[in-house]
Amino acid sequence: MPPLSIVLPVLNEAQGIAHVLHALAPLRTRGAQVIVVDGGSTDETVSRACQALQESKGAAPWQVITHVPPGRANQMNAGARQALAPLLLFLHADTLLPPQADTLVVGALRGGKHQWGRFDVLIQGRHPMLRVVAALMNLRSRLSGIATGDQALFMTRAAFDAVGGFPAQPLMEDIEISKRLLRVSRPACLRARVITSGRRWETRGVWRTMLLMWSLRFAYWRGVSPQRLAQRYR
């Protein structure tokens, strides 16, 4: 049995998927299972993912799942159903884990104090405000116990099952599962950093994206439906 299953939901990530999967090779060598879940890509994401996983040999089995309805919640739940490990980690396709991520996750969840957790995040990009945004994300998460998908959520299988997995909603699925997981335990907030792409911030504008995300979270807190929020996000 692998110690950790890593689930990657992907959609049209052909350009960068090989880089992300090759970066997971050391973890696969130590036994981590990797599951890529495609949500209907129209580019070469699936073929490149298969090739990258075949090239990087590992002790644990890997899998590329296709024909899953798009939406991160659907894809992550589908991947979790195929996971063999007692610990699950959900990784975005534009995010890189620290080299010893598997060891850090196992250590953080050992002993039962924490049933789930997340990493600190570093947003990669040229804009100087991206480091400030990341620092604020990490601080807010540490104080509130609410994590985002950019921070590479991880949890025990028991905790995942206890909250019913990710809610079937098109946006804020990471916020909602964090709220539910808080009823199980406080999160382990690891200071080791994942590196995530700042492309959406720089493409849309850093300040504009900050205001959009804050307004969406505030609206979600007030009870606006995820479906309406997803329309605003797009």
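First, a word on what this report is: a plain description of the structure on this page.

Rules and cut-offs
- Residues numbered from 1 in each chain as written.
- Predicted model: local features only at pLDDT ≥ 70, side-chain atom pairs only at ≥ 80, totals over all residues.
- Heavy atoms only, no water.
- Helix = DSSP H or I, 4+ residues; strand = E, 2+ residues; numbered from the N terminus.
- Rg over C-alpha atoms; globule rule 2.2 N^0.38 Å.
- Buried < 20%, exposed > 50% of the residue type's maximum accessible area, 1.4 Å probe, protein only.
- Contact = heavy atoms within 4.5 Å.
- Areas by Shrake-Rupley, 256 points an atom, 1.4 Å probe, with all protein chains shown as cover.
- Lys, Arg positive; Asp, Glu negative; His and termini not counted.
- Charge placed at Lys NZ, Arg CZ, Asp CG, Glu CD.
- Pairing = 2+ DSSP bridges.
- Axes fitted to C-alpha atoms, helices over the stretch in contact; angles between N-to-C directions.
- Expected span 1.5 Å × (residues − 1).
- Parallel < 35°, antiparallel > 145°, perpendicular 65-115°, else oblique.
- Nonpolar A, V, L, I, M, F, W, Y, C, P; charged D, E, K, R; others polar.
- Core = buried A, V, L, I, M, F, W, Y, C linked by side-chain atoms within 4.5 Å.
- 1 Å grid on protein atoms, 1.4 Å probe; cavity = no way out; pocket = protein on both sides within 12 Å on 5 of 7 lines; lining within 4 Å.
- Points joined across faces, edges and corners; volume = space filled by probe spheres on them.

Overview of the overall build of the protein
Part 1 of the argument: Helices and strands together make up the secondary structure of the protein, namely 11 helices and eight strands.
Part 2 of the argument: Its C-alpha radius of gyration of 17 Å places the protein within 12% of the 17 Å reference for a compact globule of 234 residues.
Part 3 of the argument: Overall, the C-alpha framework of the protein stretches about 45 × 40 × 35 Å when taken along its three principal axes.
Part 4 of the argument: Here the protein holds 234 residues, and the buried ones make up 53% of them.
Part 5 of the argument: Counting only contacts in the protein whose residues sit at least 6 apart along the sequence, the fraction spanning at least 24 positions is 77%.
Part 6 of the argument: Surface accessibility of the protein: about 11100 Å² in total, with carbon and sulfur atoms responsible for 55%.
Part 7 of the argument: When the 29 positive and 14 negative side-chain charges of the protein are each reduced to one mean point, those points stand 8 Å apart.

What to know about the sheet that holds strand β2 (residues 33-38)
In sheet architecture, strand pairing relies on hydrogen bonds along the backbone and comes in two forms, parallel and antiparallel.
Part 1 of the argument: Taken in spatial order, the eight strands line up as β3-β2-β1-β4-β7-β6-β8-β5 in an open sheet, and their pairing is mixed. Looking at the sheet topology across the chains shown, the edges are occupied by β3 (62-65) and β5 (95-96).
Part 2 of the argument: Pairing of strand β4 (residues 87-90) with strand β7 (residues 154-156) involves three bridges; the strand directions are antiparallel. Bridged to L88 within β7 is M155.
Part 3 of the argument: Across the sheet, helix α4 (residues 72-82) lies against β1 (5-10), β2, β3 and β4, angled at about 150° from β1, the strand it touches most.
Part 4 of the argument: Relative to β7, helix α5 (residues 101-109) is tilted by about 45°, and along the sheet it contacts β4, β6 (116-124), β7 and β8 (188-197).

Topic: helix α6 (residues 129-144)
Part 1 of the argument: Taking 1.5 Å per residue as the helical rise, α6 with its 16 residues ought to reach 22 Å, and the 22 Å between its terminal C-alpha atoms agrees with that figure.
Part 2 of the argument: For α6, every residue scored as buried is listed here: M129, L130, V133, A134, M137, N138 and S141.
Part 3 of the argument: If you follow the buried residues of α6, they end up packed against β6, β8, α9 (199-204) and α10 (206-221).
Part 4 of the argument: Looking at the residues trailing α6, positive phi occurs at G145, about 80°.

Let's talk about the packing of α10 against helix α11 (residues 226-233)
Part 1 of the argument: Packing of α10 against α11 brings their axes to within 10 Å, and their N-to-C directions diverge by 170°. One way to sum up the angle between α10 and α11 is to call them roughly antiparallel. Taken together, the residues of α11 that come into contact with α10 (itself represented by L212, M213, S215, L216, A219 and Y220) are P226, L229, R232 and Y233.
Part 2 of the argument: Across the contact of α10 with α11, the residue classes break down as eight nonpolar, one polar and one charged.

Examining the nonpolar core
Part 1 of the argument: Grouped together as the largest cluster of nonpolar side chains are 41 residues, with contacts concentrated most on I6, L21, L89, L97 and F119.
Part 2 of the argument: In terms of residue count, α6 provides more of this core than any other element does, five residues in total.
Part 3 of the argument: The residues touching L89, leaving out its near neighbours within four places in the chain, are L4, S5, I6, V7, L97, V105, F119, A152, L153 and F154.
Part 4 of the argument: The next biggest cluster of nonpolar side chains, apart from the first, holds 22 residues, and it includes V7, A73, A83 and F160.

Some points on the layout of surface pockets
Part 1 of the argument: For the largest pocket, the calculated volume is near 1100 Å³.
Part 2 of the argument: Forming the boundary of the largest pocket are 37 residues, of which R72, H92, L171, R200 and Y233 lie nearest the centre.
Part 3 of the argument: Of all elements in the fold, only β1, α4, α6, α8 (173-181), α9, α10 and α11 reach the threshold of two or more residues within the lining of the largest pocket.
Part 4 of the argument: A breakdown of the residues in the lining of the largest pocket according to their chemical character gives 19 nonpolar, six polar and 12 charged.
Part 5 of the argument: A volume near 300 Å³ is recorded for the second largest pocket.
Part 6 of the argument: Forming the walls of the second largest pocket are 17 residues, and the residues nearest its centre are G16, A93, D94, S197 and R199.

Quick look at the side chain of S5
Part 1 of the argument: Structurally, S5 can be placed in strand β1.
Part 2 of the argument: Residues within four places of S5 in sequence aside, it is in contact with Q33, A83, L84, A85, L87, L88 and L89.

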